[in-house]
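The lines below spell out each chain.
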Amino acid sequence: MPTAILTGQPVPGSSIEGDLRSLGFDVRSATDVADTETLLAEASCDERVAFVDARFVGHLHALRLGLTDPRFPLAAVPGAVTAQPGAGRTALTRELAREISACDDAPNDPGQALSAVAVDSLADRIALALDADVIGVHRPELGSLTAAVPADPEARDIARQAVAAVDDEAVRLKSAVKSRDGFFTTFCVSPYSRYLARWCARRGLTPNQVTTASLLTALIAAGCAATGTRGGFVTAGVLLLLSFVLDCTDGQLARYSLQYSTLGAWLDATFDRAKEYAFYAGLALGAARGGDDVWALALGAMVLQTCRHVVDFAFNEANHDATANTSPTAALSDRLDGVGWTVWVRRMIVLPIGERWALIAVLTALTTPRTTFTVLLVGCGFAATYTTAGRVLRSFTRKAQRTERATRALADLKDSGPLAELIGRVPVRTPGNSRFVPALESTVPLVVALWFCSYGSWVPVAFAALYVLSAGAAVSIPLTGRLDWLVPPVFRAAEYGTVLVLAGKAEVNGALPAAFGLVAAVAYHHYDTVYRIRGKAGAPPRWLVRASGGHEGRTLVVVVLAALLSAPQFVVALTVLAVAVALLVLTESIRYWVTAHQGGAPAVHDEGVPA
């Protein structure tokens, strides 16, 4: 159980001790600074510990925000400071020792030493000392909430009036909703899903349980779509919307109850992709039952959506910590964000997850799978063009130096395998310092050759070899060019597009479903790479990337298999490759995230606009 140590003179009638117990703390009282040190030493090293001024007056949710958020090793609000086990606890102990040393240097008067604690807040002094040591102390935005240490009865009365004037629960409910979200989510889901989140919190449900419920609901929706009946399609649309409501609820529950976790963030992000792509497969199966083969459209939608995400991830990772960014395009975007209606229009046209799932659900219920995929491809294609064009313009006009961390992230996102590594070791002089143009120059001919050559032709193999050489060149130098953040998306489009085109050229039953499975497995690996980078855990281990072949190795293998094997044999080969890649990446991913969660890795939570 976490420990809260009350310091300073107790105040009759104060509710601070009960408030701390309601937050799950074991409350101890310290009579002086030395006693504080003793109680700190007695507190479990595996649990959170907090120093709270006994005179504290404020909202319960202010204490909750300051003392229970698992994402930060050190956090503070006026009158309270907390530390988690590990580095945070070590820093807190060190600053308390310095405080005791300062008291020892004062005149040897026990009454004066005790007075120092009573007059000034020990928690605030330690928090300031931690800041002075350049140790990051998180200070949550309290807004209208009150957190204060009144110095006299008059100030205490004023603070109590401020507490009574603000509805603590209303603020907590409002803060459970993302400050930045899509139009559909903001106006059609969040107004009621926040109350569902509170209902879940009061019944002891966790965000991970709600996330799992959302996944199961979406899988049932996919199963209903796979029936191919009108009733099945209507039910699937309704269940998909319900799944999205639960998807919003799990994040709101995490914010409402501050139940953030590394595992939860991974489950939320991973299940979103699994739900959407499983629904695509369900629609394709349902259409097949009705005699309409839309597997190519389903696979195309998955490829487009995944490439869109890679564009988003690569651009954000390349620029999130860039210095001296003075892009006029970015300045124009900021000005547009200051006009209410333009904000919502821009958020809607990029088809974030809320708008996209609502579109899919409505079209599924009212139209056919072919219409659903066609509209989805057109909408996502427009959104991808809009966002990518804007980011390219920013890249041309920005004046910033890409940091080493950003360059490392782009290198990890490339997913270069052993062939690229081997070729990259060869000292070859290449013009310029950008890898985007060479990557594009090798990708376009490969796609063109695949498109115009018949199945079984050896011509694409030569272009695939050129693609491998380009992948090696991309490894040889850092991706520091203005447009080099486009290299990972180009490689994703080349690999996924190769599988899609060759499966379509095979013109045999099962080819496109097998290709769908292979692209889904590889896409999971690429998403997992992004989530690890976002969680500041680095990329997947090199042995995994090498064992899975890297993007260039898998592309070359698929092209060679299409040249060597008959169409039915190619289907079997794609299926085996899909299963092998899925088992490899899923096993390592699950092992990593479960271990990170059990090992107490810092909790993370993505507050960005979902795409």
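Under an unreviewed UniProt entry, the name given to the protein chain is CDP-alcohol phosphatidyltransferase family protein, and the organism recorded is Streptomyces sp. SID12501. Word for word, the UniProt comment on the protein chain under Sequence similarities (unreviewed entry) is "Belongs to the CDP-alcohol phosphatidyltransferase class-I family."

Engineer: Explain the overall build of the protein chain here, please?
Structural biologist: Each helix and strand in the protein chain was counted, giving 26 helices and 7 strands. For 611 residues, the compact-globule estimate of 2.2 N^0.38 gives 25 Å, and the protein chain sits close to it at 28 Å. Expressed along its principal axes, the backbone C-alpha trace of the protein chain runs to roughly 95 × 60 × 45 Å. With 611 residues in all, the protein chain has 51% of them scored as buried. As displayed, the protein chain has an accessible area near 26,100 Å², and 64% of this comes from carbon and sulfur atoms. A gap of 9 Å separates the mean positions of the 53 positive and 54 negative side-chain charges of the protein chain.

Engineer: It is not clear to me how the environment of E141 should be interpreted in this structure. Could you clarify?
Structural biologist: Looking at the element boundaries, E141 is found in the loop between α6 (122–132) and β7 (147–148). Residue classification places E141 among the exposed positions, given a relative accessible area of 75%.

Engineer: I would appreciate a short explanation of the pattern of salt bridges in the present structure.
Structural biologist: Where charged atoms of side chains with opposite charge meet at close range, the side chains can pair. Tallying each qualifying case throughout the model produces 24 salt bridges. For R554, the salt bridge goes to E495, with nearest N and O atoms at 2.5 Å. One end of the pair, R554, is in helix α25 (residues 550–564); the other, E495, is in helix α22 (residues 487–506), and 59 residues separate them in sequence. Given the relative accessible area of 4%, E495 is considered buried. One continuous salt-bridge network, built from bridges that share partners, spans D528, R532, E588 and R591.

Engineer: Could you clarify how one ought to interpret the sheet that holds strand β6 (residues 80–83) in this entry?
Structural biologist: A sheet is described by the order of its strands in space; here 5 strands give the open sequence β2-β1-β3-β6-β5, paired in mixed fashion. This sheet does not close on itself; its edge strands, each paired only once, are β2 (26–29) and β5 (74–77). With direction set aside, neighbouring strand axes in the sheet form an average angle of 20°. Inspection of the sheet shows strand β1 (residues 3–7) paired to strand β3 (residues 49–53) by 5 bridges, in the parallel sense.

Engineer: Explain the side chain of E552 to me, please; I cannot follow it from the model alone.
Structural biologist: Structurally, E552 can be placed in helix α25. R554 provides the closest opposite charge to the buried, unpaired E552, separated from it by 7.1 Å. Reaching out from E552, the side chain makes a polar contact with the backbone nitrogen of L419 at a distance of 3.5 Å.

Engineer: Can you help me understand helix α2 (residues 33–42) in this one?
Structural biologist: Because the α-helix completes a turn every 3.6 residues, residues three or four places apart line up on one side. Regarding α2, the residues found buried are V33, T36, L39 and L40. In an axial view of α2, the angular spread of the buried residues amounts to 115°, which keeps them on one side of the axis. Of the exposed residues in α2, the ones pointing more than 90 degrees away from its buried face are A41 and E42. Put simply, D32 is the residue that caps the front of α2, since its side-chain oxygen is 3.3 Å from the backbone nitrogen of A34.

Engineer: Please clarify how the packing of helix α12 (residues 262–289) against helix α16 (residues 353–366) should be interpreted in this entry.
Structural biologist: Packed helix pairs are characterised by how far apart their axes lie and by the angle those axes make with each other. For the pair α12 and α16, interaxial distance at closest approach is 12 Å and the crossing angle is 20°. On the basis of their axis angle, the class for α12 and α16 is roughly parallel. As for the relative orientation of α12 and α16, their crossing is left-handed in sense. Contacts between α12 and α16 involve D272, R273, K275, E276, F279, Y280 and L283 from the first element and I353, R356, W357, I360 and T364 from the second.

Engineer: Explain the nonpolar core here, please?
Structural biologist: In globular proteins that are soluble, nonpolar side chains generally tend to be buried together. Membership of the largest hydrophobic core comes to 107 residues, with the highest contact counts inside it found for F279, Y280, L299, W485, F516, L518 and L574. Ranked by residue count, the leading element in this core is helix α23 (residues 511–534), at 15 residues. A domain split of this core shows at least three residues from each of domain 2 (175–292) and domain 3 (302–326 + 402–604). The residues contacting L518, other than those within four sequence positions of it, are V499, V558, L574, L577, A578 and V581.

Engineer: What am I meant to see in the confidence of the model for the protein chain here?
Structural biologist: In low-pLDDT regions, the fine details of the predicted coordinates are not to be read closely. Looking at the protein chain, the pLDDT average stands at 89 and 90% of residues meet or exceed 70. This stretch, residues 109–119, has a pLDDT under 50; its non-local contacts, to residues over four places away or in other chains, come to 12 contacts.

Engineer: Explain the UniProt feature "transmembrane region" (unreviewed entry) in the protein chain here, please?
Structural biologist: Under the present numbering, the feature "transmembrane region" (unreviewed entry) in UniProt falls on residues 373–393, 458–479 and 556–586. Along residues 556–586 the backbone is 94% helical and 0% strand, and the end-to-end C-alpha distance reaches 23 Å.

Engineer: It is not clear to me how the environment of F72 should be interpreted in this structure. Could you clarify?
Structural biologist: Of note, F72 is situated in the loop between α3 (60–67) and β5. In this structure F72 comes out as partly exposed when scored by relative accessible area, which is 22%. In this structure, the C-alpha to C-alpha distance between F72 and S190, residues 118 residues apart in sequence, is 26 Å. Contact partners of F72, with chain neighbours within four places excluded, come to Q84 and H138.

Engineer: Could you clarify how one ought to interpret the packing of aromatic side chains in this entry?
Structural biologist: Ring pairs (aromatic) are described by centroid distance and by the angle formed between their planes. What the rule picks out here adds up to 15 aromatic pairs. Taken together, a centroid distance of 5.6 Å and an interplanar angle of 45° make the contact between Y277 and Y280 tilted. Remark: Y280 and Y277 occur in helix α12; sequence separation between them is 3 residues, near one turn of the helix. Of the two residues, Y277 and Y280, neither departs from the other in class, the shared state being buried. Judged by centre distance (6.1 Å) and plane angle (15°), the ring pair of Y527 and Y531 falls under stacked.

Engineer: Sorry if this is basic, but what is going on with the pairing of β2 here?
Structural biologist: On a regular strand, one side chain projects to one face of the sheet and the next to the other, so that they alternate. Examined bridge by bridge, β1 and β2 share 4 bridges and lie parallel to one another. Across the sheet, T3 pairs through a bridge with D26, a residue of β2. Taken together, β1, helix α1 (residues 16–22) and β2 form a β-α-β motif whose crossover is right-handed.

Definitions and cut-offs
- Residues numbered from 1 in each chain as written.
- Predicted model: local features only at pLDDT ≥ 70, side-chain atom pairs only at ≥ 80, totals over all residues.
- Heavy atoms only, no water.
- UniProt positions renumbered as here; feature names shortened; annotations may be inferred.
- Helix = DSSP H or I, 4+ residues; strand = E, 2+ residues; numbered from the N terminus.
- Rg over C-alpha atoms; globule rule 2.2 N^0.38 Å.
- Buried < 20%, exposed > 50% of the residue type's maximum accessible area, 1.4 Å probe, protein only.
- Areas by Shrake-Rupley, 256 points an atom, 1.4 Å probe, with all protein chains shown as cover.
- Lys, Arg positive; Asp, Glu negative; His and termini not counted.
- Charge placed at Lys NZ, Arg CZ, Asp CG, Glu CD.
- Salt bridge = Lys/Arg side-chain N within 4 Å of Asp/Glu carboxyl O.
- Pairing = 2+ DSSP bridges.
- Axes fitted to C-alpha atoms, helices over the stretch in contact; angles between N-to-C directions.
- Polar contact = N/O pair within 3.5 Å; in protein donor to acceptor, adjacent residues only side chain to side chain.
- Arc of directions from axis to C-beta.
- Parallel < 35°, antiparallel > 145°, perpendicular 65-115°, else oblique.
- Left-handed = near helix turned anticlockwise from the far one by under 90°.
- Contact = heavy atoms within 4.5 Å.
- Core = buried A, V, L, I, M, F, W, Y, C linked by side-chain atoms within 4.5 Å.
- Domains from an automatic or database assignment.
- pLDDT = per-residue confidence, 0-100.
- Phe/Tyr/Trp six-rings, centres within 6.5 Å; stacked < 30°, edge-to-face > 60°.
- Right-handed = clockwise from strand over helix to strand, strands pointing away.

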